[in-house]
Amino acid sequence: MKSYKIALIKGDGIGPEIIDEAVKVLDAVASCFDFHFTYEEVLMGGCAYDITGDPLPQETITTALNSDAVLFGAIGGEKWDNLPREKRPESGLLRFRKELGVYANLRPAVVYDELINASSLKPEVVKGVDLMVVRELIGGIYFGEPKGRDENKGWNTMVYTREEIVRIAHQAFKIAMERSKRVCSIDKANVLDVSQLWREVVEEVAKEYPEVELSHMYVDNAAMQLIRDPKQFDVMLTGNIFGDILSDEASMLSGSIGLLPSASVGAKIGVYEPIHGSAPDIAGQGIANPIATISSASMMLRYALGEIAAADKIDAAIKRALSEGYRTKDLAQYDAKEVCSTSEMGSIIANYSAKCKH
Ligand code: NAD
């Protein structure tokens, strides 16, 4: 029997609650196939700082690099907000992505028919939305030098090299080849030099994918178009900060940030995590929506482990739970037949995932 080694990083806030549910579902689906998981739990974020004085202990990096994939919850919280920047949970996460070299963040945004009323947009605008934001993750303004601040000034630098743009563009075009063969590259080339280079290089890479239709859009327009007519998009290729913002915006198309998964890939080991944060406002209450994390586990099966049938089973189980009217509190007012806790939702999806006919 195949065994996959998964590094589990639960993190802070709702992190432990949602990861426990994803593990429940993974074990359930594995029971139908000829593989199983071994998990190694390691620390990152505020909890890691509290115990070791470092938000990213070396052991976490080593364990991650020796695994088949990393399943990650979320980090951060007010408690650690006033620490020096390098000690903050968020710095640990940025450093982690950089250490692993995961430069491509894939963020699908799908509107479930069952939750069509949960979107803040009209049903006819969002019905059928199925897009993928391909976000560059370890470059751009979050990492560029120089950066700093003094009492009266703060500064950061948005920088991209040709090589960084080439590799993320290839990811986007490859993904587009598996989808509807359309890429819309998002930039601010009317103002930023870095975006002019971005646009130029994306055009060059596009020549290697003649079947894919490439368009460009300024980020401010893209923010507007995502709300006006989201179905016009298939693959959206973006730099780090633009993708961060646009993918949160895209999450509201689907009704709750608690639904959206992500995969950070491009290196040997990928990191699979929900797009939301540690939600300290609801931590410990058993009301967090675990679907984004369960769906991230499904992406892990699909992209890291090649267990496509198992991933399909989890996706179908999520859909079934929603179509039968199960909702966590964030979606309770949208056609709920039963409002359930984090762990009840995990168990329902695990149950459906464990039905072995496939
Ligand atoms: P957040 O995503 O944690 O929460 C935003 C809102 O969405 C909150 O009202 C929260 O209750 C709700 N929410 C988030 N996930 C949910 C879920 N699964 N189910 C139901 N509701 C959910 O963003 P924030 O409040 O801006 O940040 C809180 C902390 O998380 C900060 O410390 C921030 O730095 C950190 N953060 C971490 C990550 C990460 O670990 N990848 C990402 C973003 C923010």
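Structure: see above.
Definitions and limits used
Residues numbered from 1 in each chain as written. Predicted model: local features only at pLDDT ≥ 70, side-chain atom pairs only at ≥ 80, totals over all residues. Heavy atoms only, no water. 1 Å grid on protein atoms, 1.4 Å probe; cavity = no way out; pocket = protein on both sides within 12 Å on 5 of 7 lines; lining within 4 Å. Points joined across faces, edges and corners; volume = space filled by probe spheres on them. Helix = DSSP H or I, 4+ residues; strand = E, 2+ residues; numbered from the N terminus. Nonpolar A, V, L, I, M, F, W, Y, C, P; charged D, E, K, R; others polar. Domains from an automatic or database assignment. Expected span 1.5 Å × (residues − 1). Contact = heavy atoms within 4.5 Å. Pairing = 2+ DSSP bridges. Axes fitted to C-alpha atoms, helices over the stretch in contact; angles between N-to-C directions. Buried < 20%, exposed > 50% of the residue type's maximum accessible area, 1.4 Å probe, protein only. Right-handed = clockwise from strand over helix to strand, strands pointing away. Core = buried A, V, L, I, M, F, W, Y, C linked by side-chain atoms within 4.5 Å. Near = heavy atom within 4 Å. Polar contact = N/O pair within 3.5 Å; in protein donor to acceptor, adjacent residues only side chain to side chain.

**Some details on the layout of surface pockets**
Link 1 in the chain: Taken as a whole, the largest pocket holds about 780 Å³ of empty space.
Link 2 in the chain: E90, S91, L93, L94 and R97 are, among the 28 residues lining the largest pocket, the residues nearest its centre.
Link 3 in the chain: Counting residues per element, the ones that place at least two in the lining of the largest pocket are β3 (69-74), α4 (89-100), α9 (240-254) and β12 (271-274).
Link 4 in the chain: With six residues, the top contributor of residues to the lining of the largest pocket is α4.
Link 5 in the chain: Residue composition of the lining of the largest pocket, grouped by class: 11 nonpolar, five polar and 12 charged.
Link 6 in the chain: Lining the lining of the largest pocket are residues from two domains, each supplying at least three of them: domain 1 (1-112 + 256-358) and domain 2 (120-254).
Link 7 in the chain: If you add up the space inside the second largest pocket, you get close to 640 Å³.
Link 8 in the chain: As for the second largest pocket, its lining consists of 21 residues, and the residues nearest its centre are P108, V110, D130, R302 and D315.

**Details of helix α7 (residues 193-206)**
Link 1 in the chain: With 14 residues, α7 should reach 20 Å at 1.5 Å per residue; the first-to-last C-alpha distance of 20 Å fits that figure.
Link 2 in the chain: The secondary structure elements touched by the buried residues of α7 are β5 (130-136), α6 (162-178), β8 (182-187), β9 (213-218), β10 (235-238) and α9.

**Some points on the sheet that holds strand β2 (residues 35-41)**
Hydrogen bonds along the backbone pair up the strands of a sheet, which may run parallel or antiparallel.
Link 1 in the chain: Pairing within the open sheet is mixed, and its 10 strands lie in the order β2-β1-β3-β12-β11-β4-β5-β10-β8-β9. With partners counted over all chains shown, the strands left at the sheet margins are β2 and β9, one partner each. Adjacent strand axes in the sheet meet at a mean angle of 25°, parallel and antiparallel pairs treated alike.
Link 2 in the chain: Bridge count for strand β4 (residues 104-110) against β5 is seven bridges, and the pairing is antiparallel. Opposite V110, over in β5, you have D130 as the bridge partner.
Link 3 in the chain: Strand contacts of α7: β5, β8, β9 and β10, with the helix running at about 170° to β9, the strand carrying the most contacts.

**Section: the pairing of β8**
Link 1 in the chain: Of all six residues making up β8, five are buried, and the element is well covered by its neighbours.
Link 2 in the chain: This β-α-β element, β8 to α7 to β9, shows right-handed connectivity.

**Some thoughts on the nonpolar core**
Link 1 in the chain: Ranked by internal contacts, the top residues of the largest apolar core, which has 90 residues, are F37, V70, L71 and L301.
Link 2 in the chain: The element contributing the most residues to this core is helix α1 (residues 15-30), with eight residues.
Link 3 in the chain: Three or more residues apiece are contributed to this core by two domains, here domain 1 (1-112 + 256-358) and domain 2 (120-254).
Link 4 in the chain: In contact with V70, not counting residues within four places along its chain, are A7, I9, A64, F96, L100, I269, G270, V271 and Y272.
Link 5 in the chain: One finds C184, M217, L226 and L260 within the second-largest nonpolar core, a separate group that totals 22 residues.

**Concerning the site of the ligand**
Link 1 in the chain: Around the ligand sit 21 residues in total, of which E90, G277, A279, D281 and N289 are the nearest.
Link 2 in the chain: Here a nitrogen atom of the ligand sits 3.1 Å away from a polar atom, N or O, in the side chain of H276.
Link 3 in the chain: S278 is positioned such that a nitrogen or oxygen atom in its backbone is 3.1 Å from an oxygen atom of the ligand.
Link 4 in the chain: Going through the elements one at a time, β3 and α4 are the ones with two or more residues in the shell around the ligand.
Link 5 in the chain: Taken together, the residues of the shell around the ligand break down into 10 nonpolar, seven polar and four charged.

**Description of unusual backbone geometry**
Link 1 in the chain: A cis amide bond, omega 0°, links E145 with the succeeding residue P146.
Link 2 in the chain: With respect to the secondary-structure elements, P146 resides in the loop between β5 and β6 (148-149).
Link 3 in the chain: A positive phi is found at K181, a non-glycine position, where the angle reads about 60°.
Link 4 in the chain: Within the fold, K181 resides in the loop between α6 and β8.
Link 5 in the chain: When its relative accessible area of 29% is taken as the criterion, K181 is described as partly exposed.
Link 6 in the chain: With phi around 40°, A279 is a residue other than glycine that occupies positive phi space.

**Observations regarding the side chain of N289**
Link 1 in the chain: The topology assignment puts N289 in the loop between β12 and α10 (291-304).
Link 2 in the chain: A distance of 2.9 Å separates the side chain of N289 from the backbone nitrogen of I291, its partner in a polar contact.
Link 3 in the chain: A polar contact is formed between the side chain of N289 and the side chain of D330, at a distance of 3.1 Å.
Link 4 in the chain: Here N289 is in contact with I18, G258, L259, H276, T328, D330 and L331, once residues within four sequence places are set aside.

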